[in-house]
Amino acid sequence: MDDRRFDHLARAVARRASRRGVLRGLFGTAAAAAIGGVRPRLTAAQIQPVGLGDPCYSTAQCAAQGTVYCADNGFSYDGEFNCCLPTGGRCSFDEHCCGFDVCLLGVCSAAGYAPVTYALSGDPCERSSQCQAWDPTFFCSENGFDYDGPFNCCALAEGLCNADEQCCGQLACFQGFCKDERSLPPRYR
């Protein structure tokens, strides 16, 4: 655009707008920006990358090699969405896997998959995924007995059992269910 055309355009705009109109427009733009009505869009280069298991709001944030998603990883303590891997992804922790997949032998696997290292009810364990591969209602926790290791696959209150060792904490197996010892009739305590 040459100088003459620019001057002509500038005069045309200035004639049509009053000072009040210009001030109203500037005030409206400033107010919209202040309350968040005008937000700049972030480019891929401006998005801060986050690692596996970290909270996210967009898959573009997830900085890992391979297929990674910003999705629910099945844990509530670490936020609604996290950078996570689909089934078959290389992982280090259960939190690295999407949905209810678990990290078994370094690979995100379906929770129902029974790996070679699974543990049965009452068996010693290192993580709940070992127990849940056998039965999803069992967790790796203390069962109140010292002779069988610090953590064992055990059921919570009202879980199925055949022996006290299959119940977590101070629960006792009563008529096939894990019950709080304090709720049992006096002759069974």
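Reading guide: rules and limits
- Residues numbered from 1 in each chain as written.
- Predicted model: local features only at pLDDT ≥ 70, side-chain atom pairs only at ≥ 80, totals over all residues.
- Heavy atoms only, no water.
- Helix = DSSP H or I, 4+ residues; strand = E, 2+ residues; numbered from the N terminus.
- Buried < 20%, exposed > 50% of the residue type's maximum accessible area, 1.4 Å probe, protein only.
- Phe/Tyr/Trp six-rings, centres within 6.5 Å; stacked < 30°, edge-to-face > 60°.
- pLDDT = per-residue confidence, 0-100.
- Pairing = 2+ DSSP bridges.
- Disulfide = S-S within 2.5 Å.

The next subject is unusual backbone geometry. Of note, Glu-158 is a non-glycine position whose phi angle comes to about 75°, a positive value. Tracing the sequence through the fold places Glu-158 in the loop between strand S6 (152-155) and strand S7 (171-174). When its relative accessible area of 48% is taken as the criterion, Glu-158 is described as partly exposed. At Gln-175, a position not held by glycine, the phi torsion is positive, near 55°.

The next thing to look at is the packing of aromatic side chains. Throughout the structure, instances matching the rule amount to 2 aromatic pairs. Summarising the aromatic geometry, the rings of Phe-75 and Tyr-77 are spaced 5.8 Å apart at their centres and angled 75° between planes, so their arrangement reads as edge-to-face. Taking the relative accessible area as the measure of exposure, Phe-75 reaches 26% and is therefore partly exposed. Among the residues examined, Tyr-77 registers a relative accessible area of 60% and is labelled exposed.

Let's shift gears to the environment of Ser-121. Assignment of secondary structure puts Ser-121 in the loop between strand S4 (107-109) and helix H3 (128-132). A relative accessible area of 14% places Ser-121 in the buried class. With 11 residues separating them along the chain, Ser-121 and Gln-132 place their C-alpha atoms 9.7 Å apart.

Of all residues in the chain, 66% attain a pLDDT of 70 or more, and the chain-wide mean is 75. Looking at the elements of the chain, mean pLDDT is at its lowest for helix H2 (residues 19-34), recorded as 50, and at its highest for strand S2 (residues 82-84), recorded as 92.

As a general feature of sheets, a regular strand has side chains that alternate between the two faces. The side-chain alternation of S6 yields two buried faces, one formed by Asn-152 and Cys-154 and the other by Cys-153 and Ala-155. Pairing geometry for strand S5 (residues 138-141) and S6, over 4 bridges, is antiparallel. If you follow Phe-139 over to S6, its bridge partner there is Cys-154.

A few words now on the state of the cysteines. Two cysteines joined by a covalent bond between their sulfur atoms form a disulfide. Applying the stated criterion to the full structure yields 10 disulfides. Between the sulfur of Cys-97 and that of Cys-108 lies a disulfide, 2.1 Å long from S to S. Note on the Cys-97 and Cys-108 pair: the S-S dihedral is about -85°, so by sign convention the disulfide is left-handed. Placement of Cys-97 in the loop between S2 and strand S3 (102-104) and of Cys-108 in strand S4 is noted, with a sequence separation of 11 residues between them. Since its relative accessible area comes to 0%, Cys-97 is described here as buried. Disulfide partner of Cys-154: Cys-168, at an S-S distance of 2.0 Å. The sign of the S-S torsion, about 95°, decides the handedness of the disulfide formed by Cys-154 and Cys-168: right-handed. Highlighted residues: Cys-154 in strand S6 and Cys-168 in the loop between S6 and S7, separated in sequence by 14 residues. Owing to a relative accessible area of 0%, Cys-154 belongs among the buried residues under this scheme.

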